[in-house]
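Observations on chain architecture
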Amino acid sequence: MQLHFNSVGFIAKTFFIGNNELFSTMYTLSLCSTILKIVNAINQKMQDRRQQEMNTEPKHVRYEAKANVKPMIELIGVSKEFLKPSGEVHTVLRDINLTVGKGEFVSIVGPTGCGKSTTLSLIAGFESPTMGTIRIQNELLDGINRIAACVFQTENAFPWKTVIDNVSLGLRLRGTDKRQAYDEARKWIEIVGLKGFEGHYPHQLSGGMRKRVALAQTLIVQPQILLMDESFSALDVHTRHLMENELLKIWEETSASVFFITHDLEEAIALSDRVVVLSAGPAATVKGDYRIDLPRPRNVAEIRFDPAFMMLHEQIWNDLRDEVMISYAHTVGHK
Amino acid sequence: MHTLSAINNNTKEEIDSRKREIRKKALKIRARNLILQIFLAIIIFGLWEFLADRQIIDKFFFSSPLEILLHIADWFQNGTSQGPLYVHFIVTFEETILSFVIGVALGVIGGYLLGRNEILSVIFGPYIQMLNALPRVVLAPIFILWLGLGMPSKVALGVTLTFFVVFFNAFQGVREVDKNLVNNARLLGANKRQLARHVIIPSALTWILSSLHSSFGFALVGAVVGEFIGATKGLGFLISQAQGAFDTAGVFAGMVLLSVTALAANWAVGKLEKRFIAWRFVRQ
């Protein structure tokens, strides 16, 4: 676009000067760039179609297809520092390099206080990194991330809104009219299994049901990036497995990338395509990056007894344990 | 399925009888509470009447419940020495409502602006703290000098009293909005206006509405104190006139009328609260 405008300016200038030769060269140049753009667009479209074909293939080869797709989230040399009240600079994250592919399910594990949530708020655009860059779909992230949605650890649902108002909020904010938004919301409420609770307020629902509302609320805007900040950690084990399975089921039908934060290694392995281990804070950085080649679709409750799962768990835990020990030593030392 | 329906059939009558029982119990508890409340009133006023009647306490200084009631009835029937009662009543009520509405509106707007805008709150913060620390009743004489004996001076006093209560609550309410909810709305695509409408105002409303009870009381204080200091109409004026004539029963009668007004207003604010934060009162 930039090139195009420049050439137009040039054309005008040369027109006044009357230099016909320069005029024609510039004109051809701009024509060339236009053609190039069209070719690019066609390429892109074909790629998209290929992508779609891949997604419609049987579920178990899905991971293979996704392994070499283009990046959705890229963190390049990202550091985050805060100024402590005492005046010192506190480094939370140091030199993080991380790529999440399109449609990939990546979990971040690490000891408490290592900056997992900070990473998430950087990707969401709530905060900006002190150093380094964050690219979303190859574009520099500036301000809030427009193609992401987040399920938080605590509450997503607005307590003063009914379930259907909560779920339809994302569409209403984007200007969809009420009836259409409600129709869409009803669809999602049914998908997450809350049919019949449209008129309830969040505090009338159980913790598991509120998480369902949160899921529907974030998924209705069809985010290309789904951020999850220890989303299920407040649930009891059974509800948690149920929700995890449902998340996987819904995710497999979309092409969203998931960035899942958890302190539970088992949960991370059971859900993800990749598990990234962060080192203990302060100044946490990526310590390990593991591919999880377990077949999909998975049952979160049962996959834990798979020998391959146990091997991966042992391998990653070896890495994570050291960091947990360091982190623990820190907290004890501070007290 | 079979057993379920069997249970339903068997116990339909039982359920009904149990319902009746539960309702009866609840009614009993309410009746008991009411009786206890009335009982307390009877003891206090009975004792007062008894002591005054037996001349144990001086009727000149303490009057008696019966005398106060008669005084009010007299005011209703024959009007007061300063004209009919309803005129005073309406004047005080109007001043209170006006200062309440203006004070709440200013307080909410100010609290919202300063709560959302860091620079404004830094600039105005210390001055607002300073004004709040000042006992604002001392402003009454200056308002009367500026605005005269009429209604405006009382409204101005009431506004300065109510403003701060609502302001601090609105400010706090805006500040205490759950950060996750704000972030969630922003990610879902809310712009500044939508953020205010869907998240910040509903969240702050709980705080603001809870401040309305006390701020209405302050509006009333503003009106009455203003009337004490200088006025030609109003319940406060009536009380101060009665005081000047050593009419103890008159002072008490004015107090009773004021407290009835306050009670009615409190009830109305409660209704308002239920209407605006209905989601808080919905139970399973």
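To start, this report covers the structure provided alongside it. Within each chain, residue numbers correspond to sequence positions counted from 1 in written order. Here chains are named by letter from A upward and ligands by number from 1 upward, in the order in which they appear as written. Only residues with pLDDT of at least 70 get local features here, since the model is predicted, and only at 80 or more are side-chain atom pairs given and counted; chain-wide, interface and lining totals rely on the full set of residues. Working from all heavy atoms in the structure, the side-chain values ignore hydrogens and water.

1. So, the pattern of salt bridges
Residue and element names in this part refer to chain A. Salt bridge, as applied in this entry: a Lys or Arg side-chain nitrogen positioned within 4 Å of an Asp or Glu carboxyl oxygen. By the definition in use, this model includes 19 salt bridges over all chains. Residue D264 pairs with R240 through a salt bridge whose shortest N-O separation is 2.7 Å. Residue D264 is found in the loop between β8 (257–261) and α9 (265–271), and its partner R240 is found in helix α8 (residues 237–253); the two are separated by 24 residues along the sequence. For R240, a relative accessible area of 14% gives the class buried. If you follow the salt bridges from partner to partner, you end up with R240, E244, D264, E266, E267 and R304 in one network. Numbering of helices and strands runs from the N terminus; a helix is a DSSP stretch of H or I covering at least four residues, while a strand is a stretch of E covering at least two. Relative accessibility decides the category of a residue: with a 1.4 Å probe and only protein chains considered, values under 20% of the type maximum give buried, values over 50% give exposed, and everything between is partly exposed.

2. Observations concerning the packing of helix α5 (residues 163–173) of chain A against helix α6 (residues 178–191) of chain A
All names here are of chain A. At a minimum axis separation of 8 Å, α5 and α6 run at an interaxial angle of 120°. In terms of their interaxial angle, α5 and α6 are classed as oblique. In this structure, α5 meets α6 at a crossing whose hand is right-handed. Between α5 and α6, the residues in contact are V163, I164, D165, V167, S168, L171 and R172 and K178, A181, Y182, E184, A185, R186, W188 and I189, respectively. We call Asp, Glu, Lys and Arg charged. Ala, Val, Leu, Ile, Met, Phe, Trp, Tyr, Cys and Pro are nonpolar, and the rest, Gly among them, are polar. The residue makeup of the contact of α5 with α6, split by class, is nine nonpolar, one polar and five charged. Note on geometry: axes are lines fitted to C-alpha atoms, helical ones only across the stretch in contact, with angles between N-to-C directions running from 0 to 180 degrees. Put simply, angles under 35 degrees are roughly parallel, angles over 145 are roughly antiparallel, angles from 65 to 115 are roughly perpendicular, and the rest are oblique. Note: crossing handedness is left-handed where the near helix turns anticlockwise from the far helix by less than a right angle, and right-handed where it turns clockwise. By definition in these notes, contact holds between two residues if any of their heavy atoms fall within 4.5 Å.

3. Focus: the environment of L219 of chain A
All names here are of chain A. By the secondary structure assignment, L219 is in helix α7 (residues 207–219). Among the residues examined, L219 registers a relative accessible area of 8% and is labelled buried. As a C-alpha pair, L219 and A149 span 70 residues in sequence and 7.6 Å in three-dimensional space. The contacts of L219, once residues within four sequence positions are left out, are W188, L226 and I250.

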